[in-house]
Amino acid sequence: MKLAFAMACSSRDMNRLASSAIKDPTPGHEMSNRYPSSYYAASTNPAPRREELTADIETDICIVGAGYTGLSTALSLLEKGFRVVVLEAAKVGFGASGRNGGQIVNSYSRDIDVIERSVPPAQAALLGHMAFEGGRIIRERVKRYDIQCDLKDGGVFAALTHRQLEHLKAQKALWERYGNTQLELLDRTAIRNVVDTDAYVGGLLDMSGGHIHPLNLALGEAAVVERLGGQIFEDSAVLDIQRGPSPIARTAKGSVKARFMVVAGNAYLGNLVPELAAKSMPCGTQVIATEPLDEALARSLLPQDYCVEDCNYLLDYYRLSGDRRLIYGGGVVYGARDPADIEAIIRPKMLKTFPQLKDIKIDFAWTGNFLMTLSRLPQVGRIGDNIYYSQGCSGHGVTFTHLAGRILAEALHGQTDRFDAFAKLPHYPFPGGQRFQAPLSALGAWYYSLRDKLGV
Ligand SMILES: Cc1cc2nc3c(=O)[nH]c(=O)nc-3n(C[C@H](O)[C@H](O)[C@H](O)COP(=O)(O)OP(=O)(O)OC[C@H]3O[C@@H](n4cnc5c(N)ncnc54)[C@H](O)[C@@H]3O)c2cc1C
């Protein structure tokens, strides 16, 4: 029943992403040392300019990518005493981690009931009990390291139909079985008290969910990585990984030789590791931020300041920022084109939920890529003896990426049971290969979206 930001991107996007190591999908923004324009980029905490790698160096673990997966892995490894170097093609949090909806959503893009049906009971139990750990890791780190990222508690799954509400009842029972005791079902009246819209028939409140300023979380984590002795190089795209007993990551001006590599490039990795590209698909989703709302209006929309996502297959998600903007996401772009006008796609969705915002200006609109897998479950594993990876959260990655960092570090430290529970999940190639995976997935998404519209 888990609800993914499940979307497909065009085959032209795919070709473009595959044809070079990394490109920013924002129209007019090629990969550079800048962030693409977004509310987050315009409201970052001060951060140092990090150097490009210009030497040949050695370390214990080299991590490719400074999004949440890479940073969380680095942090967990440093806490265990490893030497760590992170290589980032652009800037810390340049990818999905610095652009997302900021929603701390528990579990995985397919929920534990799907996992229970497809793997042995002991493996399912282990995976189920990890489903709420990512959110705890975020909170622990924010508190321990005093990361300023506007962390707020409380996330709502909002049902548009009675069928969706029935699913949420089952989800509550399922999550309670795995230890989440912070859930509350909301009927039509109760949800009206947390979201000022007539759109919903009810919902499920998860007080262990919540929201953050995603880029400031990534920047805060990067600062901790450096405080603990790790090195992060920006503008340092890995162009090649030379495999062998001590793999070497080469950039334009330097290299890192390590005992182990961790590949954490997710939807921006391109074809650097062909085995990973073959079994995943980058997809786009779009977000807008309104102008700051006056306090009374902001409070009326979301009185408890919870974040909300609806229960459609192609879902809308929104929340208030620290300076009271409504951050609203949910776009899907199919066909061979980039979203030329993101506001034109997302604003009507926002007005459908909140018609009272018709005179409110949109200050920012941006797009980002997440990585979809065919099963919509994340792919965690190892290539050969010494190249580890985690990718493909299929839309719900803020919590999972933090868990992934911890279990990758455990595995590199020799404790593999939790890593193995993920690594044993089957990884399927997309049917149709790179050429047809996007149109076939778009067709599948269209089918589920139609079911949502018909309420069946
Ligand atoms: C617009 C949007 C909204 C979303 N909203 C939510 C949400 O509200 N809640 C939620 O749970 N999830 C959400 N997600 C998904 C979530 O953001 C991602 O799952 C998560 O951030 C992925 O983190 P990551 O570190 O694996 O990848 P990324 O954050 O994409 O980081 C990968 C990094 O690797 C770097 N890189 C790639 N290749 C190389 C290379 N060759 N050399 C060096 N560096 C390289 C990239 O530059 C990038 O910085 C959203 C995603 C998007 C795009």
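Residues numbered from 1 in each chain as written. Predicted model: local features only at pLDDT ≥ 70, side-chain atom pairs only at ≥ 80, totals over all residues.

It is worth spelling out the overall build of the chain at this point. Counting secondary structure elements, the chain contains 14 helices and 17 strands. Counting the 456 residues in the chain, one finds 53% classified as buried. Long-range contacts, defined here as pairs at least 24 residues apart, represent 77% of the contacts in the chain between residues at least 6 apart. (Helix = DSSP H or I, 4+ residues; strand = E, 2+ residues; numbered from the N terminus. Buried ≥ 20, exposed ≤ 12 C-beta atoms within 10 Å, placed from the backbone. Contact = placed C-beta atoms within 7 Å.)

Within the largest apolar cluster, 124 residues are counted, with the highest numbers of intra-cluster contacts made by Ile61, Leu87, Met261, Val262 and Val263. It is helix H12 (residues 398-412) that contributes the most residues to this core, nine residues altogether. For valine 263, the contacting residues outside a window of four places in its chain are Val64, Leu269, Val273, Leu276, Ile387 and Tyr389. (Core = buried A, V, L, I, M, F, W, Y, C linked by C-beta atoms within 7 Å.)

Bringing the site of the ligand into the picture now. Close to the ligand lie 46 residues, the nearest being Gly65, Gly67, Gly95, Gly101 and Gly397. Breaking the shell around the ligand down by element, the ones donating at least two residues are helix H2 (68-79), strand E11 (281-290), strand E15 (362-372) and H12. Its residues assigned to classes, the shell around the ligand comprises 24 nonpolar, 20 polar and two charged. (Near = placed C-beta within 6 Å. Nonpolar A, V, L, I, M, F, W, Y, C, P; charged D, E, K, R; others polar.)

A separate point is the packing of helix H5 (residues 133-144) against H12. Interhelical geometry of H5 versus H12 gives an angle of 80° and a closest axis separation of 7 Å. Of the possible angle classes, the one that applies to H5 and H12 is roughly perpendicular. For the pair formed by H5 and H12, the contact residues are Glu133, Gly134, Gly135, Ile137 and Ile138 on the first element and Thr399, Phe400, His402, Leu403 and Arg406 on the second. Grouping the amino acids of the contact of H5 with H12 by side-chain chemistry returns four nonpolar, four polar and two charged. (Axes fitted to C-alpha atoms, helices over the stretch in contact; angles between N-to-C directions. Parallel < 35°, antiparallel > 145°, perpendicular 65-115°, else oblique.)

Further remarks concern the confidence of the model for the chain. On average, the chain scores 89 in pLDDT, and the residues at 70 or more come to 85%. Considering only residues more than four positions removed or in separate chains, one finds that residues 1-32, a stretch of pLDDT under 50, has 101 contacts. (pLDDT = per-residue confidence, 0-100.)

Helix length check: helix H6 (residues 162-177) (16 residues) gives 23 Å between terminal C-alpha atoms against 22 Å at 1.5 Å per residue, within 8%. Those residues of H6 not exposed but buried are Gln164, Leu165, Leu168, Gln171 and Trp175. Projected onto a plane normal to the axis of H6, the buried residues spread over an arc of 105° and lie on a single side. Those residues of H6 that are exposed and angled more than 90 degrees off the buried face are His162, Ala170 and Ala173. (Expected span 1.5 Å × (residues − 1). Arc of directions from axis to C-beta.)

This part is about the environment of threonine 181. You can see threonine 181 is positioned in the loop between H6 and strand E5 (183-186). Put simply, threonine 181 and serine 208 are 27 residues apart on the chain and 8.8 Å apart in space, counted from C-alpha to C-alpha.

The next subject is unusual backbone geometry. Despite not being glycine, aspartate 150 shows a phi value in the positive range, around 55°. Take aspartate 150: it is sitting in the loop between H5 and strand E4 (152-159). Despite not being glycine, arginine 324 shows a phi value in the positive range, around 65°. Structurally, the position occupied by arginine 324 is in the loop between strand E13 (317-320) and strand E14 (326-329). Residue classification places arginine 324 among the partly exposed residues on the basis of 18 C-beta atoms within 10 Å.

Relative orientation of the contacting elements H2 and helix H8 (residues 214-227) amounts to 30°, with a least axis distance of 9 Å. Between H2 and H8, the interaxial angle falls into the category roughly parallel. H8 is crossed by H2, and the crossing has left-handed handedness. Facing Tyr68, Leu71, Ser72, Ala74, Leu75 and Leu78 of H2, the residues of H8 in contact are Ala218, Glu221, Ala222, Val224 and Val225. Considering only residue class, the contact of H2 with H8 consists of nine nonpolar, one polar and one charged. (Left-handed = near helix turned anticlockwise from the far one by under 90°.)

Side chains Leu326 and Tyr328 of E14 all project onto a buried face; the interleaved residues Ile327 and Gly329 project onto the opposite face, where all are buried too. Bridge count between E11 and E14: three bridges; the pairing is antiparallel. Following the sheet pairing, isoleucine 288 is matched in E14 by tyrosine 328. One ladder, built from four bridges, connects E13 with E14; its direction is antiparallel. Bridge assignment links arginine 319 to a residue of E14, and that residue is isoleucine 327. The loop that links E13 with its antiparallel partner E14 comprises five residues; one of these, arginine 324, has a positive phi angle of about 65°. (Pairing = 2+ DSSP bridges.)

This brings us to the environment of valine 201. Its location among the elements puts valine 201 in the loop between helix H7 (188-192) and strand E6 (202-211). By the C-beta count within 10 Å, which is 17 here, valine 201 ends up partly exposed. A sequence separation of eleven residues divides valine 201 from alanine 190, and the C-alpha atoms of the two residues are 9.6 Å apart. Beyond its immediate chain neighbours, meaning those up to four positions away, valine 201 contacts Ala159, Thr161, His162, Leu165 and Arg188.

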